[in-house]
Amino acid sequence: EVQLVESGGGLVKPGGSLRLSCAASGFNFYSYNMNWVRQAPGKGLEWVSSISGSSSYIYYADSVKGRFTISRDNAKNSLYLQMNTLRADDTAVYYCVRGERSLFDYWGQGTLVTVSS
Amino acid sequence: NFMLTQPRSVSESPGKTVIISCTRSSGSIASTYVQWYQQRPGSAPTTVIYEDIQRPSGVPDRFSGSIDSSSNSASLTISGLKTEDEADYYCRSYDTNSQVVFGGGTKLTVL
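The structure reproduced in this document is the subject of the present report. (Residues numbered from 1 in each chain as written. Chains lettered and ligands numbered in written order. Predicted model: local features only at pLDDT ≥ 70, side-chain atom pairs only at ≥ 80, totals over all residues. Heavy atoms only, no water.)

With that out of the way, let us pick up the environment of Ile70 of chain A. Residues and elements named next belong to chain A. In this structure, Ile70 sits in strand 7 (residues 68-73). The class of Ile70 is buried, set by a relative accessible area of 2%. For the pair Ile70 and Trp36, spaced 34 residues apart in sequence, the C-alpha separation works out to 8.4 Å. When residues no more than four places from it in sequence are discounted, the contact partners of Ile70 are Met34, Trp36, Ser49, Ser50, Ile51, Ile58, Tyr60, Leu79, Tyr80 and Leu81. (Helix = DSSP H or I, 4+ residues; strand = E, 2+ residues; numbered from the N terminus. Buried < 20%, exposed > 50% of the residue type's maximum accessible area, 1.4 Å probe, protein only. Contact = heavy atoms within 4.5 Å.)

As structure tokens, this is what we get:
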């Protein structure tokens, strides 16, 4: 059974940093592209970043480019999102998502990041 | 980059059919695949349609997808509506630079 479990969310002050993790199981992690998608409270879904299986290809939304860094450790079946210079509008539930451009097929349950003073 | 525009809300009665549209602002809707998600309150999204018209296993055949090049839009059709279909629905696509775009979401009320 495919499982994606996010961790690392919490309350952080504006300008601060946070590192999210996603532990994957139930599939060959290295074979799949992985993604982060976020959802601000009461709002819609927003794609954040994608990374290919070998980390050769990495993409970011304009809203996070230069502040967030996606990475993965295939030996540990883990996906990461390093978030720096956080702003209030980064407050959201962050989902770890498996999938290619044409199919995001499995989602974690999300971890809440709150940016507030 | 392009935008995907959805109606904010739709409502229909049980047993009826509802169509949710997703209009692409620039570039052809047919140039990249569209996916549809269902999100119930407090839960993560799940896929109901991928690659424009494909239905994942386990999704009822009451759910179908289509694209219309003349209106540059994709549509999700749900027939034989059930109260359990009440949820938010999102369309998603991507551009040739692998930038992923979500529609703003549509709240479906089954009353």
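So much for the structure itself; the text now carries on.
A few words on the side chain of Ser50 of chain A. All names here are of chain A. By the element assignment, Ser50 lies in strand 5 (residues 45-51). Look at Ser50 and you get buried, because its relative accessible area is 9%. A polar contact of 2.5 Å, which involves the side chain of Ser50, links it to the side chain of Asn35. Once residues lying within four places of it in the same chain are set aside, the contact partners of Ser50 are Met34, Asn35, Tyr57, Ile58, Tyr59 and Ile70. (Polar contact = N/O pair within 3.5 Å; in protein donor to acceptor, adjacent residues only side chain to side chain.)

What follows covers the packing of aromatic side chains. According to the stated counting rule, one finds five aromatic pairs over all chains in the structure shown. For the ring pair Phe27 of chain A and Tyr32 of chain A, a centre distance of 5.3 Å and an interplane angle of 90° mean the geometry is edge-to-face. Here Phe27 of chain A falls in the buried class, since its relative accessible area comes to 13%. Geometrically, the ring pair formed by Tyr95 of chain A and Trp107 of chain A is edge-to-face, given 5.7 Å between the ring centres and 75° between the ring planes. Note that Tyr95 of chain A is positioned in strand 9 (residues 92-100) and Trp107 of chain A in strand 10 (residues 103-107), a separation of 12 residues in sequence. Like Tyr95 of chain A, the residue Trp107 of chain A is buried in the burial classification. Taken together, the ring pairs in this structure connect Tyr95 and Trp107 of chain A together with Tyr37 and Phe102 of chain B into an aromatic cluster. One residue, Arg72 of chain A, lies across the ring of Phe29 of chain A, its end atom 4.2 Å from the ring centre. Looking at Arg24 of chain B, its charged tip hangs above the ring of Phe2 of chain B, at a distance of 3.7 Å from the centre. (Phe/Tyr/Trp six-rings, centres within 6.5 Å; stacked < 30°, edge-to-face > 60°. Lys NZ or Arg CZ within 6 Å of the ring centre and 35° of its normal.)

All names here are of chain A. Spatially, the four strands line up as an open sheet ordered 1-3-8-7, and their pairing is antiparallel. Both edges of this open sheet fall to strand 1 (3-7) and strand 7, since each of them pairs with a single strand only. Here the average twist between neighbouring strands, direction ignored, is 15°. (Pairing = 2+ DSSP bridges. Axes fitted to C-alpha atoms, helices over the stretch in contact; angles between N-to-C directions.)

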